[in-house]
Amino acid sequence: MHKTEEFSSRWGIVLASLGMAIGAGNLWRFPRLAGQYGGSFLILWIFFLLVWSLPLLMAEFSIGKKYKLGVIGSYSKVAGKRMTWGGFFITACTLGIAFYYAVVTGWALQYLGLSVENLWAFLSGGDTIADKLSVNSAYLELRWQEIANKNLWTVTLYILAIIAGIIVLIKGIQNGLEKANKILIPTLFILLLVIIIMALNMENGYKGLDYMFFIDVQHFSNPTIWIEALSQSAWSTGAGWGLIMTISSYSRKREDVVLNTFIGGFGNNTASLMAGMAILPAVFALSATEGDAIAFLQSGNQALTFTIIPKLFATVRGGAIFSFIFFLAFFLAAFSSLLPMLELFISNLRDMGLSRSSAAIRTGIFCVVFGFPSAYSLDFFNNQDWVWGIGLIISGLLIIIAVLKYGVSRFKRNYIDTDSDYKIPTYFFACALILNSFLGLVLIYWWMSQGYSEYPWFDENGNWNVFDVYSNASVVTQWGLALIAGFLLNNYLYKVFVKRKL
Amino acid sequence: MILIVGTVVGGFVYFLSVALRNEAKRKKEAEKKGV
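Residues numbered from 1 in each chain as written. Chains lettered and ligands numbered in written order. Predicted model: local features only at pLDDT ≥ 70, side-chain atom pairs only at ≥ 80, totals over all residues. Heavy atoms only, no water.

Undergrad: Tell me what's going on with the environment of glycine 106 of chain A, and back it up with residues and numbers.
TA: All names here are of chain A. Tracing the sequence through the fold places glycine 106 in helix 5 (residues 84-124). With relative accessibility at 0%, the residue glycine 106 sits in the buried group. If near-sequence neighbours (up to four positions away) are discounted, glycine 106 is found in contact with Leu157, Tyr158 and Ala161. (Helix = DSSP H or I, 4+ residues; strand = E, 2+ residues; numbered from the N terminus. Buried < 20%, exposed > 50% of the residue type's maximum accessible area, 1.4 Å probe, protein only. Contact = heavy atoms within 4.5 Å.)

Undergrad: Describe the confidence of the model for chain A, naming the residues involved and giving the relevant values.
TA: Detailed conclusions should not be drawn from predicted coordinates in areas where pLDDT is low. For chain A, per-residue confidence averages 91 on the pLDDT scale, and residues scoring 70 or more make up 99% of the total. The weakest mean pLDDT in chain A belongs to helix 15 (residues 301-314) of chain A at 83; the strongest belongs to helix 12 (residues 243-248) of chain A at 96. (pLDDT = per-residue confidence, 0-100.)

Undergrad: Describe a nonpolar patch on the surface, and please don't skip the residues or the numbers.
TA: Residues and elements named next belong to chain A. Taken together, Ile170, Ile361, Ile365, Phe366, Val369 and Phe370 make up a surface patch of nonpolar side chains, about 520 Å² in accessible area. A per-element tally of the nonpolar patch places helix 17 (residues 356-376) first, with 5 residues. In this structure, isoleucine 365 sits in helix 17. (Patch = residues over 30% accessible without salt bridge, like charges linked within 9 Å, V, L, I, M, F, W, Y side chains within 5 Å. Areas by Shrake-Rupley, 256 points an atom, 1.4 Å probe, with all protein chains shown as cover. Salt bridge = Lys/Arg side-chain N within 4 Å of Asp/Glu carboxyl O.)

Undergrad: Give me the lowdown on the nonpolar core, citing residues and values where you can.
TA: All names here are of chain A. Leu42, Trp107, Met212, Leu273, Phe411, Phe429 and Trp479 are the most contacted members of the largest nonpolar core, which has 181 residues in total. Element by element, the count of residues in this core is highest for helix 16 (residues 319-351), at 19 residues. Residues contacting phenylalanine 411, with those up to four places away along its chain left out, are Ala59, Ser62, Ile63, Val78, Val403, Tyr406, Ile416 and Phe429. If you look at the next biggest cluster of nonpolar residues, it comprises 5 residues, including Ile72, Phe88, Leu493 and Val496. (Core = buried A, V, L, I, M, F, W, Y, C linked by side-chain atoms within 4.5 Å.)

Undergrad: Go over the environment of aspartate 292 of chain A, please, and point to the residues and values.
TA: For aspartate 292 of chain A, the location among the structural elements is in helix 14 (residues 290-297). Under the relative-accessibility criterion, aspartate 292 of chain A is labelled partly exposed at 32%.

Undergrad: So what about the packing of aromatic side chains? Which residues, and what values?
TA: By the definition in use, this model includes 47 aromatic pairs over all chains. With 6.1 Å between their ring centres and 85° between their planes, tryptophan 386 of chain A and tryptophan 447 of chain A make a pair best called edge-to-face. One end of the pair, tryptophan 386 of chain A, is in helix 18 (residues 378-406); the other, tryptophan 447 of chain A, is in helix 20 (residues 426-448), and 61 residues separate them in sequence. Accessibility assignment for this pair places tryptophan 386 of chain A and tryptophan 447 of chain A in one class, buried. Aromatic pair tyrosine 422 of chain A and phenylalanine 15 of chain B: ring centres 6.2 Å apart, planes at 75°, arrangement edge-to-face. Taken together, the residues span two chains, with tyrosine 422 of chain A in the loop between helix 19 (408-416) and helix 20 and phenylalanine 15 of chain B in helix 1 (residues 2-33). (Phe/Tyr/Trp six-rings, centres within 6.5 Å; stacked < 30°, edge-to-face > 60°.)

Undergrad: Summarise the side chain of asparagine 383 of chain A; cite the residues concerned and give the values.
TA: Residues and elements named next belong to chain A. Residue placement: asparagine 383 occurs in helix 18. Among the polar contacts listed, one links the side chain of asparagine 383 to the backbone oxygen of valine 469, at a separation of 2.8 Å. Residues within four places of asparagine 383 in sequence aside, it is in contact with Asp468, Val469, Ser474 and Gln478. (Polar contact = N/O pair within 3.5 Å; in protein donor to acceptor, adjacent residues only side chain to side chain.)

Undergrad: Any chance you could break down the pattern of salt bridges for me, citing the residues and the numbers?
TA: Residues and elements named next belong to chain A. What the rule picks out here adds up to 16 salt bridges over all chains. Between arginine 143 and glutamate 146 there is a salt bridge; the shortest N-O distance is 4.0 Å. Here glutamate 146 and arginine 143 lie together in helix 7 (residues 139-148), a separation of 3 residues that amounts to about one turn. Judged by its relative accessible area of 22%, arginine 143 falls in the partly exposed class. Its relative accessible area of 47% is what places glutamate 146 among the partly exposed residues.

Structural data, given as structure tokens:
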């Protein structure tokens, strides 16, 4: 089916790019790292925005804009028929993420519900979270364990999140995605601003900012901080996910590439800074000691968001309002990122000749079925987050390979420079892509060697340790299955998604 | 803090304002051509 839908204006595509990029990671991962490593991390994170994220985003944006196909078709057009499997892998990877990201959106809804309940209790004199904590100090940890495993509400809410996403997307690009983002993104920025003002008004809140922005030059010699900054930039901006390629396939004919990409990248980073400036002052203000605050920040994404933050907010007057605003922002961020993930699959199905409604319904069913294990089991969720999170680096490398194969100068001239308000130097683009090839491999090696599994390859009996949550065996097996499927189906994928002959 | 916030937020605001200006220019040109 020929893609005729377009965003109505430049702002439609810019808001969609911001919605894609600003997600749970801006609110739960970035503040943790900023609090742990401070200003040195922030400087390196900005550096990698310029070096890793923006070049990849420009490449993706221009590919989607030129070919107006789903990721599989567009990628194949640039990289060549024999590499159609690359577009398949990028799609499979982002789909793998979409399945569990719907669960994160469901969790966000659940905690939004809890914070509404808490706010109501606060206003009506009922039992608040603070009251429940005074009876049982582990109340929130126990609640989280209940919610994350075999919980009927979690399953219901992630399905509702998918259904809500499909309802938006069935309406199309202008009436669905564009209209939704016109509400979601400005609201999200306003909420973040409100949380910043509330947090900075807390006693000792400024200490959080001190930690966040303090530059310890010794940190620059710590490779971990370089890796964390690169990873955060790679994951947060959505570079290499195929999402901006999907969004830009609905761009107007003469849409600018460079400036739109820069707005998206810097906008995403602005949202992250705002989240950091809201959460860190709150954590430092409400923790008994600075040591406690640092320990909370090192506790991990889920623990920080779903146990520590509500617990800290419960200790302060007006904390019920703070909690409500925070979880509303978290839900908006997650939902706005879920939409383009669903659209990525819809877009590919439409290339097979399906109508928008038919493709959307099939996408919804697919995501409900394959998201269920992550909704049911936190171990399964964590495994998928691990496998496809690192898999995204491979997706990024595949985009780089496509551009290098096409020829960097030729690609820049034919894809990026046409219609762009700004021209970036060719040598910068070329050097960035070559450097990123190396950085991508370093990242994959680094994350796989982190040793989160006791038996990364073989278990204690010498068997391939594929069912371990964090093992390299599990990662490599799942990537391998996606790659093998892509290789075997390469010609079929080309026929269906490029030639569009079923 | 000023360096980091200035670079990121300043960059966002700058690129947004350039885009706004360019869109306004394009709209004016399109209106002149009667498109």
